[in-house]
Amino acid sequence: MATNVIRVGRVEILALSDGSLEFDLCNFFPTIPEEQWQPYEAHLHEHRVRFNLGSYLIRSDGKTILVDTGLGPRPADAPDAQWGQLLHDFQAKGVRLEEVDMVVMTHLHRDHVGWNLTPRGTKYVPTFPNARYWMSRKDWEACHQPDVQPARFPNAPTCVWPLEELGLIEFMRPEQSLTRDLTTVPTPGHTPGHMCLLITSGGERALVLGDAAHSPVQLQEPDWVSRADMDPDLTRQTRKALIERLEREQILVAAGHFEAPGFGRIVRLDGRRYWRGL
Ligand SMILES: [Zn+2]
């Protein structure tokens, strides 16, 4: 069993999960003909793609930072859903919700903001009562565009918008230091304001990938965009540059949608890139 906790210099990263999602290939990657998946059958689950709904809890510089908050509570009409487990995972791993000082969202898609808030009557309260909630301004603006919001940010009205009235929002800028060890890396394309998080401590580095890639297959096929990638061309451009950097600088990666816990490195074998899990 792969370890759920790694250390990067003085920083600790704990992998948490809200469960998983599965899609038919042609549903999630509508532009990729099914036969092109043949060499990658090992990455599939009964011919479907499965995505872990990973969050990372980072302890850095005296702060506890939760990156992404999953898809959220399982709806009553979907009793078999394989998600909705994040708070159970907190409990299982001995972390209290009160410990979280900062919730950082790589982007505002529905599977990254789901547990931000808890309904209380007609109002909402923060699920992480001591946290400020960090997001990019570009995604905040995108999730308010009437022509974009319903399809691209369906749960923003209940999971993101109320944060404003609660006065809990902090906007993060590209290349901003969130703590002594933690810097935002702009990686637009999947969403306009998508950001990865670079951890630098004690001469070691790691990157929380967000949705810059959904599957290890995209390390070999960086042009494969999914229906979730809002700007396909920019997504490809960003992904290629990021993958090259991660390989060249041998930066450890925390990939929330890869198989849990999602820690690994990009390695090269016979001229091709591969994912090597820790
Ligand atoms: Zn996602």
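Look up a bit, the structure's there.
The following refers to the structure shown.

Moving on to the overall build of the protein. A count of helical and extended segments in the protein gives 8 helices and 16 strands. In terms of C-alpha radius of gyration, the protein reaches 18 Å, essentially the compact-globule figure of 19 Å for 278 residues. In terms of its C-alpha atoms, the protein occupies a principal-axis envelope of roughly 55 × 45 × 35 Å. Excluding contacts between residues fewer than 6 apart, the proportion of contacts in the protein whose partners are at least 24 apart in sequence is 68%.

The next subject is the sheet that holds strand β5 (residues 102-104). The strand order across the open sheet built from 7 strands is β1-β2-β3-β4-β5-β8-β9, with neighbouring strands paired in mixed fashion. Among the strands making up the open sheet, the edge pair consists of β1 (5-8) and β9 (169-172). Strand-to-strand twist of the sheet, defined as the mean angle between neighbouring strand axes without regard to direction, takes the value 30°. Inspection of the sheet shows strand β4 (residues 63-67) paired to β5 by 3 bridges, in the parallel sense. Residue pairing across strands places Ile-65 opposite Met-102, the latter belonging to β5.

Pairing in this open sheet of 7 strands is mixed, and the strands run β10-β11-β12-β13-β14-β15-β16 from one edge to the other. Each having just a single partner strand, β10 (177-179) and β16 (272-277) make up the two edges of the open sheet. Across the sheet, the axes of successive neighbouring strands diverge by a mean angle of 30°, strand direction being ignored. Where strand β13 (residues 204-208) meets strand β14 (residues 252-254), 3 bridges bridge the pair, whose relative direction is parallel. The residue bridging Val-208 from the neighbouring strand is Ala-254, located in β14. Across the face of the sheet, helix α8 (residues 232-248) comes into contact with β13, β14, β15 (263-269) and β16 while running at roughly 90° to β15.

Right, let's get into the pairing of strand β8 (residues 132-136). Counting buried positions along β8 gives 4 out of 5 residues, so the element sits mostly inside the fold. As defined by bridge partners, β5 adjoins β8 across 3 bridges and the pair is classed as parallel. The partner of Val-103 across the bridge, within β8, is Tyr-133. In this structure, β8 lies alongside β9, joined through 4 bridges in parallel fashion. Bridge pairing in β9 places Tyr-133 opposite Ile-169.

Here we take up unusual backbone geometry. Cis geometry is found at the peptide bond from Ala-260 to Pro-261, where omega equals 0°. At Glu-46, a residue that is not glycine, the phi angle is positive and equals roughly 50°. Tracing the sequence through the fold places Glu-46 in the loop between α1 (25-28) and β3 (48-60). Residue class for Glu-46 comes out exposed when judged on the 6 C-beta atoms lying within 10 Å of it. The backbone phi angle of Asp-61 is positive, close to 60°, even though this residue is not glycine. Note that Asp-61 resides in the loop between β3 and β4. In this structure Asp-61 comes out as partly exposed when scored by C-beta crowding, with 15 C-beta atoms within 10 Å.

This part covers the environment of Ile-32. Position of Ile-32 among the secondary structure elements: in the loop between α1 and β3. By C-beta crowding, Ile-32 is classed as partly exposed, having 17 other C-beta atoms within 10 Å. Spatially, the C-alpha atom of Ile-32 lies 28 Å from that of Ser-17, the residues being 15 residues apart in sequence.

The biggest cluster of nonpolar side chains holds 61 residues, and the ones touching the most others in it are Tyr-56, Ile-58, Val-103, Leu-197, Leu-207, Leu-209 and Ala-254. Per-element tally for this core: the top contributor is strand β2 (residues 11-24), with 5 residues. Core analysis: the second largest hydrophobic core is formed by 5 residues, Val-49, Leu-53, Leu-71 and Trp-83 among them.

Spanning 17 residues, α8 covers 24 Å between terminal C-alpha atoms, matching the ideal 24 Å at 1.5 Å per step. Within α8, burial applies to Thr-235, Thr-238, Arg-239, Leu-242, Ile-243 and Leu-246. Seen along its axis, α8 keeps its buried residues to an arc of 130°; they face one direction. Facing away from the buried side of α8 by more than 90 degrees, the exposed set consists of Asp-233, Lys-240 and Arg-248. After α8 finishes, the residue Gln-250 shows a positive phi value of roughly 45°.

How each quantity is defined
- Residues numbered from 1 in each chain as written.
- Predicted model: local features only at pLDDT ≥ 70, side-chain atom pairs only at ≥ 80, totals over all residues.
- Helix = DSSP H or I, 4+ residues; strand = E, 2+ residues; numbered from the N terminus.
- Rg over C-alpha atoms; globule rule 2.2 N^0.38 Å.
- Contact = placed C-beta atoms within 7 Å.
- Pairing = 2+ DSSP bridges.
- Axes fitted to C-alpha atoms, helices over the stretch in contact; angles between N-to-C directions.
- Buried ≥ 20, exposed ≤ 12 C-beta atoms within 10 Å, placed from the backbone.
- Core = buried A, V, L, I, M, F, W, Y, C linked by C-beta atoms within 7 Å.
- Expected span 1.5 Å × (residues − 1).
- Arc of directions from axis to C-beta.

Interpretation note: all reported values are geometric properties and have no functional meaning in isolation.
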